Structure formats: structure tokens, C-alpha cells
Amino acid sequence: MTKHDTAGLFDTSQPQPPASHVIGVAFEAGVDSQFDYLVPDKLWPVQPGQRVEAPFGRSNKLAIGFCVETDISRTDFGKKFKLKTISDVIDKVPLLDAGLMELAEWLSDYYVCPLGVVLAAMVPGAVKKGAGEKKEKYVYLASGPEKIDKVETEIKGKKQKLLIGRLKESGAYEPETAVEFSELLADVGCTDIPLKNLADKAVIKIVQRTVLRSLPAIPESMLIRQEKVILNNDQQKALSTITSRLNTGRFAVTLLYGVTDSGKTELYIRAIDEVIKKGKSAIVLLPEIALTTQTIQRFSARFERIAVMHSGLTAPQRNSQWQKIKSGEANVVIGARSAVFAPLNNLGLIIVDEEHEPSYKQDTAPRYHGRDVAIKRAQLCNAHCILGSSTPSLETLQNCLTKKTIFNMVRLPKRVMNLPFPEMRLIDMKDFASGKDGITLLSEPLANHLSDVLARNEQAILLLNRRGYSNFIFCPSCKHIIHCRNCDATLTFHKLVRRGGMPGRQTAQIPTITGRHLSTGYAICHYCGSQTLVPEKCPLCGKSMIMLGLGSQRLEEELAGKFPQAKVARVDSDSMKGADYYRVLRDFSEGRINVLAGTQMLAKGLHFPNVTLVGIISADTSLYLPDFRANERTFQLISQVAGRAGRSAKKGVVFVQTFLAGQPAIQFALKGDFDGFVKEELKHRAICNLPPFWRLALITLRDRTYEKLELAAKAMRENIDQIVYDENLQVKVRGPIPATISRIQTFHRLQIILQAPSPTILHRLFVTLRKSPPVRPAVTIAVDVDPVDLL
């Protein structure tokens, strides 16, 4: 693949207008190449970062792409090719500046993704569509004060005089100071006829402006204002280290390793304050599930020029926030992983909270990791990057050990105000496997303690990281399990529900369970989203079906049965839609809800001083996945959700229920021994040549025809083996092998796993592979560099 391809091999268009400039265009369509086009003189100048419309392919269908290079020498092509000409320039100014264009080049190169796809992902779709934009008329005086005074004496109409007077009062002598059309008419109390008469006389001018819909301001009463926070000794030392590195004005990365409730957020705020004092700006990245109203309110109380970017915004709001950042009206941006591309000027600091979270990894092209892109952007901007976590990723810890000139670590080993850590209690569920009606989710010790907590008017959080009611619909007679028609996965049973009761809570519409036998409900595939009704009888043998496994709906039902007086809200992606989540958190904060029960949405970003009990219903859920990070995920989840308890003078208790009581990750989490866990886990990673010691890349091929897919995967493996041999690369190649979920959305999936001791080696392999002819037969191919899982 060459850097530039000509776009005129099949040019059948009509004669073009004069054009003396050539630009490089990367199309959003996903072609892994750049194409050269002529620019008509009337459309010049065009800058990198602007979108253009141009004829593409044999059919010359108009396509949208980004200008990535300008003033390319035409002598590069000789006289062999006739270039096509762009038809339009879409943006008045570049959407991406030089720094973001350079970051896009790196993303394309490192993550093996077409540059046009990267550029398209960096700009929100709402911005490209102009969502929420509307044209409004504005009015200003056509001449300066002296001339207008003279003209005013000649005007006879009363309303016209009032209009001129109002414009003079507003100082509306220039387009920048123009008064909004309808507002002016309302102030004067007239129709638009006198205004149009003034325009006909050239006394005033009427212009149009694009106006955006903005986010509603957070009411003053909702801002979380704190008395002046006095830092403890550990916080002071950490802030001193961060500030000294900020003051150097050079790129550096600080890992802020602090236990839960150690005051990391306060240090983020003070570091941002330092940066703003220097006239610079900051980005704060949070996992999507941690972007709560609490966090936004706390930052909004400390900073005035703030913008928010996350999936909960409507398209017009997203566009409005992005334009606010682009225009320089905001100097602090808070958002999920894509906020790393916020078009801030003079960037001085990027903060990545909960840096270990796998949700920072994008699962569609470009498959970037938000944390790593944040570090790279900080490097390109000569800015500082803070990575915060109570359970840092092993990759970040290893960087602190091996790249000490760039990475350093500061620790916050204690909770603020020296609050004690919650008491950890292990419950071996093999001792409580069955109740009267079958498997129980709440062990007797946990249920008893929850009863005591409710009696004291305190609150509890119960975590079960699995959606639905039951994850297996099973026939005990013939052993048949209902699977998804489109995927190699079992269907999860969901109860038929209706809205009712507590805000955000779902209540059963009709009784759907008789004992443990299914009577009604629906099954859903969590991979493709397909839904189906569930038969009462087994389709193979005609016997009754039962449900095995557990889910958040079942937990909610058990709580309702055992604690009918408690106000329970289920929090998972099925029950929480947008504002529902924030409303439930507000009600919980104000004491209208006693128990939150749900998935990992409850594990991050929540601070509720009245929570004295946390129950982890099934701590070993992740351990059954065929993933080398399963131990790390389990330790992190237990530690994170345990940190929600005991955030005040009231003592906190955490119950950890498991069928694998002796499992090392669970035992280390119970002791709060992160260092011990890391030491043990790294031994296994080193033996197996896994991250953080070696680097991984995952090539996934998919197609609806398995035989075709098999041929393509074999051809891909042969290409890779040839490159490894020719360039003498130290790469271990495994596969093609079926993916853990071997079929999703009717597509069969095969994987090739690459391991290398350094990213440079993998990069050399992919550079050559991208230049190779396409794999035949043609199938869909996805490359994931530094995957967070191998599923």
C-alpha cells in the first residue's frame, strides 16, 4: 500500500474548473490509503483537518474525507495520471488542529486502522451533522454613531425611531454586537415591518448566525461545595510531587496510587487549578459508569469554564459542548474515553481516573485505549498526565518500574480523616448452596446483617455482575439448553416487567415463576440483542424447563421477598436509561432508597457516607472466563466495590460470597494486599510471556460462510509466517483458532494471536502486512493491538 493513490484512473467526469493545488484526502469509508485530488482555485485554501467532498471510485460517487496534506507537488505523478477534483469544502475552519492531526497519524499507525476512520472517530457525529444548530437573525446599525444620529432625525416612523434607539443603547454598530431579531421586536413591541423598512433604507443590516443548544446550567443549590479541604500528610506529599513535575513544563506521567476514599479527586482538582493559573487547560477522563452527577457537580463547583462530553448527552448538547471547547469558552473538559480528543488549546494536563478500567478500550475501529492515547497526547503537547487508581493496571505499574525518567508513582495509603477500612468477611457459598426453594443468592450471614443495617436506617449496596434473571434455560430431563440462533451463546432469561414502584425500579407484571419452573418471560442474547419467547416445555422432549444461574433481576426478587419493607432499586443497563440512573442515585443519596442492587455500574464513582454494608453476591463470576486477566479483574472489582462502604464515622462491612474461597485473587482482595497480589500475578504473566512483559495483538476474521473464513484465516497465517521469517521477527503466532464466542450475529469468528517482546516488533510486522495484497477470499478482518481480553 502506498501513502498516496491517484484518484483519476477511471475519471469519466466533465472538464473541471481551473485548479492549481493538490491535496491528500483520507476517506471516512475505511480505505487504508490516502488519495490525491485537485482543488479548484475558487475553493482554495484548504487546510489539514477540514472535510471535503469528492468523487470516489469507478462510479465517482461523492464521498466525504478529511484533508490530511496540502500543496502536494504534481510532478510526483508525471503525466501518467489525470487527478479528479474535489467538489466542495464542507468546513469553514479545520475541525482538528495540527496537534490532533499528528495524534491521528499515530493512532492509525499504532492501532493498524485507516487514517480516515481514525479522523472520523475523533470528531463526534453530532458535530459533523451540525446537530441542534439553527439559524437566527441578528440586527445592527449600518453606520457609526454620528451618521446614525443624523439619519435618525430624518426618520418619521415612531416604531422605527424606537428600534434605532434600542440598537444605539445596545451599542449594536458592528456584527459582533448585533441584537437578536425577535428579542429586539419584543423589546420595542412591534412587528417586523418597521425593521424591514429600515433595512430597505440601509439604516440597519440583518445577518444570520448559527446558534447552538447548550446544556442547562447546574442549579447553584445542586453544586457540591465543600469547606476548605485540609490535606493530610500523604496528600500534601503527593500534591507537592505532582506540582513540581507540572512546573517543569515537560511531559511526564504520574501514577496516583491511592486506596478508595483516599482523596484522589481533591488532588485532581488542585492539579487542574495549578494548570489553569498558568493559562493552560485540562482534560479529565472517567469511565462511563463513573460519570455521575456527583462528579460533575463537584468539578462545576470549583471551575467556571467547564464542558462535559459523554454518551448521556443528546446530539445537540454534544455538538454544543464540542463547539464550546473549540471556541475556547471551556478550559476544563470532563468526559468518557472519547473526550481525550477534545479540541482544547494549550493543553497542560490530562487526568485518567480509574486508569485500570477496561471500558477505556474502544471495541470498534479504531480500537484505541483511552489511557494510552491520553499519555501520547500529553507527550505531543508537552503536558502532564496523571493516572489515578486504587488498583493500578499491571501495565502501568511495570511502566513505573522500567520507564522511571517518564513515569513515577505517588501513593495515598490511608483513607481521608484516617477512616478505617471496611471489615472484610468471606462467605463460602458451598455452605449455603440451597434454601427451601433452591439456590439462594443471599447467604444467612449477609441476610442477617442486611436486616440489622435496615433496622438502623443505614444503607447497603449489593453487587451481582450479571444482567437478567437467569443465564441458563435448561431441561433437566434431556439436558437441552436454549441457545441463540445467531450466536454461539446461551440465552439469558429476563422477566416480563413494567415500570412501577420506586423510581428506576422494575416490578413484575404477573407472577412468572411457579417454584423454579418457567411459565412466562423472554430470553435475550447479550451479544446480538435478539429476543425470543421461551416455551414452557422443552422443544426436544416436552418436559418442563427450569432456570439455572443468577442475575440482577433474581437478586431484586429475592430482596423483595426477604425484605418487603425495604426500598430497593435495581441498577443495571436494562433498568437504567439515561436520567433514570442519576435520579436513582439522587434518591439513594437523600435516603429514599435503602438498597442499591445491581451490576458493576455500582462499583465506581459513588460516595454515600450512609452506606455501611456492601455485599458481593458472586465474587468468582469473572474467574470462569477464559481470559488471562480474570484474576486481575476479580481483585479490582472486589476492591473497588468494597471501597463504597464505611465512608464516614459509621463502620463499614463487606461480605464476599464465593464458591472458590481459596482462590488467590479473592484471598489477596480480602486482605487488601495489592502488592502481594501483583507480585504473585506477575510471576504467572512472565512465565507465559503475557502483558506487561510481552505485547499482544489479536486478529479476528469473520464471515457467514465457515469454509470461506477458514481459507482466508489460513492465508492470513501464511502471510504472517512469511513476514516473520523474511524479517527475522521474534513473534509467537497462535492460530487460527475459534474465538471463545465462535459465532456472533451469524458471523463465524476465527482468531490469530500474536505475541512479541516489544511493540516495535509488532509494529514492523503490521507495517509489512498492510503493504501486502488483500487476503483472499475476502472476509471481514479486525486488528486489536493491546487487547484487554481475548474473547
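What about the packing of aromatic side chains?
Moving on, step 1. Here the structure, examined in full by the defined rule, presents 15 aromatic pairs.
Moving on, step 2. With a centroid separation of 4.7 Å and an interplanar angle of 10 degrees, the aromatic rings of F635 and F677 are classed as stacked. Taken together, the residues F635 in helix 17 (residues 630-642) and F677 in helix 19 (residues 674-687) connect sequence positions 42 residues apart.
Moving on, step 3. When its relative accessible area of 2% is taken as the criterion, F635 is described as buried.
Moving on, step 4. Members of the aromatic cluster, connected to one another through ring pairs, are Y257, F635, F668, F674 and F677.
Moving on, step 5. Over the ring of W694 we find K732, and its NZ or CZ is 5.5 Å from the ring centre.

As for the pattern of salt bridges
For side chains bearing opposite charge, pairing can occur when the charged atoms are close.
Moving on, step 1. Applying the stated criterion across every chain yields a total of 31 salt bridges.
Moving on, step 2. K562 is the salt-bridge partner of E558, the closest N and O atoms lying 3.1 Å from each other. With E558 and K562 both in helix 15 (residues 552-562) and four residues apart, this pair spans about one turn of that helix.
Moving on, step 3. Of the residues examined, K562 reaches a relative accessible area of 40% and is grouped as partly exposed.
Moving on, step 4. What emerges from the salt-bridge pattern is a single network uniting E266, R270, R298 and R302.

Examining a nonpolar patch on the surface
Moving on, step 1. On the surface, a nonpolar cluster with roughly 290 Å² of combined accessible area is contributed by Y624, F659 and L660.
Moving on, step 2. With respect to the secondary-structure elements, Y624 resides in the loop between strand 30 (611-616) and helix 17.

What about the pairing of strand 33 (residues 732-744)?
Moving on, step 1. Across seven bridges, the pairing between strand 33 and strand 34 (residues 747-756) is antiparallel. Within strand 34, the position partnered with P738 by the bridge is L750.
Moving on, step 2. Linking strand 33 to strand 34, which pair antiparallel, is a turn of two residues; within it Q745 sits at a positive phi near 55 degrees.

Topic: the packing of helix 1 (residues 98-110) against helix 2 (residues 115-122)
Moving on, step 1. Put simply, helix 1 and helix 2 touch, their axes get as near as 9 Å, and they point 130 degrees apart. Relative to helix 2, the element helix 1 is oriented oblique. Considering the relative orientation of helix 1 and helix 2, their crossing is right-handed. Residues L100, M101, L103, A104, E105, L107 and S108 of helix 1 form the contact with helix 2, whose own contacting residues are L115, V118, L119 and M122.
Moving on, step 2. For the contact of helix 1 with helix 2, the class distribution of residues is nine nonpolar, one polar and one charged.

Some points on the sheet that holds strand 29 (residues 595-598)
Moving on, step 1. Strands sit in the order 17-31-30-18-29-28 across an open sheet of six strands; the sheet is parallel. What marks the edges here is a single partner per strand, and that holds for strand 17 (423-428) and strand 28 (568-571). Across the sheet, the axes of successive neighbouring strands diverge by a mean angle of 15 degrees, strand direction being ignored.
Moving on, step 2. Pairing geometry for strand 30 and strand 31 (residues 653-658), over four bridges, is parallel. The residue bridging V614 from the neighbouring strand is V654, located in strand 31.
Moving on, step 3. Across the sheet, helix 17 lies against strand 17, strand 18 (459-463), strand 30 and strand 31, angled at about 160 degrees from strand 30, the strand it touches most.

Notes on the side chain of H21
Moving on, step 1. The residue H21 is located in strand 2 (residues 19-27) in this model.
Moving on, step 2. You can call H21 buried: its relative accessible area is 19%.
Moving on, step 3. Reaching out from H21, the side chain makes a polar contact with the side chain of D71 at a distance of 2.9 Å.
Moving on, step 4. Look past the residues within four positions of H21 in its chain and what remains in contact with it is Y37, L38, V39, D41, W44 and D71.

Structural notes on the nonpolar core
Moving on, step 1. L596, I720 and L754 are the most contacted members of the largest nonpolar core, which has 118 residues in total.
Moving on, step 2. By residue number, the principal contributor to this core is helix 20 (residues 706-726), which donates eight residues.
Moving on, step 3. When neighbours within four sequence positions are excluded, I720 is seen to be in contact with I699, V733, I752, L754, L765 and L769.
Moving on, step 4. In this structure, L267, Y268, V275 and A282 belong to the second largest nonpolar core, which totals 25 residues.

Digging into the side chain of E458
Moving on, step 1. Mapping E458 onto the fold places it in the loop between helix 14 (444-455) and strand 18.
Moving on, step 2. Given a relative accessible area of 10%, E458 falls into the buried group.
Moving on, step 3. Of the polar contacts made by the side chain of E458, one reaches the side chain of T612; its length is 2.8 Å.
Moving on, step 4. Excluding residues within four positions of it along the chain, E458 makes contact with V453, N594, N610, T612 and K650.

Re helix 6 (residues 181-188)
Moving on, step 1. For helix 6, the full list of buried residues reads F181, L184, L185 and V188. Along the axis of helix 6, the buried residues cluster in a sector spanning 95 degrees; they form a single face.
Moving on, step 2. Within two residues after helix 6, G189 carries a phi angle of roughly 80 degrees, on the positive side.

Section: unusual backbone geometry
Moving on, step 1. For the bond from P691 to P692, the omega torsion is 15 degrees, close enough to zero to count as cis.
Moving on, step 2. With respect to the helices and strands, P692 occurs in the loop between helix 19 and strand 32 (695-703).
Moving on, step 3. That bond from G735 to P736 is cis: its omega, 10 degrees, falls within 30 degrees of zero.
Moving on, step 4. Although it is not a glycine, D71 adopts a positive phi angle of roughly 50 degrees.
Moving on, step 5. With respect to the helices and strands, the residue D71 is situated in the loop between strand 5 (61-69) and strand 6 (88-89).
Moving on, step 6. The phi angle at V112 is positive, at roughly 55 degrees, despite the residue not being glycine.

A closer look at the environment of R209
Moving on, step 1. For R209, the location among the structural elements is in strand 9 (residues 204-211).
Moving on, step 2. Separated by 72 residues in the primary sequence, R209 and K137 place their C-alpha atoms 6.4 Å from one another.

Topic: helix 13 (residues 394-402)
Moving on, step 1. Taken across its nine residues, helix 13 has seven buried, putting it largely inside the fold.
Moving on, step 2. Those residues of helix 13 lying buried are L394, E395, T396, L397, Q398, N399 and C400.
Moving on, step 3. Buried residues along helix 13 sit against strand 10 (252-258), helix 12 (370-381), strand 15 (384-389), strand 16 (407-412), helix 17 and helix 19.

Considerations on the sheet that holds strand 25 (residues 522-524)
Moving on, step 1. Strand order in the open sheet formed by three strands is 20-25-26, and the pairing between neighbours is antiparallel. Every interior strand has two partners, whereas the edge strands, strand 20 (492-494) and strand 26 (531-533), have only one. Each strand axis lies, on average, 35 degrees off the axis of its neighbour in the sheet, ignoring direction.
Moving on, step 2. Both strand 20 and strand 25 contribute to a ladder of three bridges, which runs antiparallel. Directly across from T492, in strand 25, lies its bridge partner I524.

Re the environment of V259
Moving on, step 1. With respect to the element layout, V259 can be found in the loop between strand 10 and helix 9 (264-277).
Moving on, step 2. Sequence-wise, V259 and V416 are 157 residues apart; in three dimensions their C-alpha atoms are separated by 9.8 Å.
Moving on, step 3. Once residues lying within four places of it in the same chain are set aside, the contact partners of V259 are K264, S390, L412, P413, K414, R415 and F421.

Some points on the confidence of the model for the protein chain
Moving on, step 1. Predicted confidence across the protein chain gives a mean pLDDT of 85, with 89% of residues reaching 70 or more.
Moving on, step 2. In the predicted structure, residues 218-223 sits below a pLDDT of 50 and forms nine contacts with residues beyond four places in sequence or in another chain.

Focus on the state of the cysteines
Moving on, step 1. In the structure shown here, the tally under the stated rule is zero disulfides.
Moving on, step 2. No disulfide involves C475; its sulfur sits 3.4 Å from that of C541, the nearest cysteine.
Moving on, step 3. Left unpaired, C478 is separated from the closest cysteine sulfur, that of C538, by 3.6 Å.
Moving on, step 4. Overall, C478 belongs to the partly exposed group, its relative accessible area being 31%.

Cut-offs used in this document
- Residues numbered from 1 in each chain as written.
- Predicted model: local features only at pLDDT ≥ 70, side-chain atom pairs only at ≥ 80, totals over all residues.
- Heavy atoms only, no water.
- Phe/Tyr/Trp six-rings, centres within 6.5 Å; stacked < 30°, edge-to-face > 60°.
- Helix = DSSP H or I, 4+ residues; strand = E, 2+ residues; numbered from the N terminus.
- Buried < 20%, exposed > 50% of the residue type's maximum accessible area, 1.4 Å probe, protein only.
- Lys NZ or Arg CZ within 6 Å of the ring centre and 35° of its normal.
- Salt bridge = Lys/Arg side-chain N within 4 Å of Asp/Glu carboxyl O.
- Patch = residues over 30% accessible without salt bridge, like charges linked within 9 Å, V, L, I, M, F, W, Y side chains within 5 Å.
- Areas by Shrake-Rupley, 256 points an atom, 1.4 Å probe, with all protein chains shown as cover.
- Pairing = 2+ DSSP bridges.
- Axes fitted to C-alpha atoms, helices over the stretch in contact; angles between N-to-C directions.
- Parallel < 35°, antiparallel > 145°, perpendicular 65-115°, else oblique.
- Left-handed = near helix turned anticlockwise from the far one by under 90°.
- Contact = heavy atoms within 4.5 Å.
- Nonpolar A, V, L, I, M, F, W, Y, C, P; charged D, E, K, R; others polar.
- Polar contact = N/O pair within 3.5 Å; in protein donor to acceptor, adjacent residues only side chain to side chain.
- Core = buried A, V, L, I, M, F, W, Y, C linked by side-chain atoms within 4.5 Å.
- Arc of directions from axis to C-beta.
- pLDDT = per-residue confidence, 0-100.
- Disulfide = S-S within 2.5 Å.

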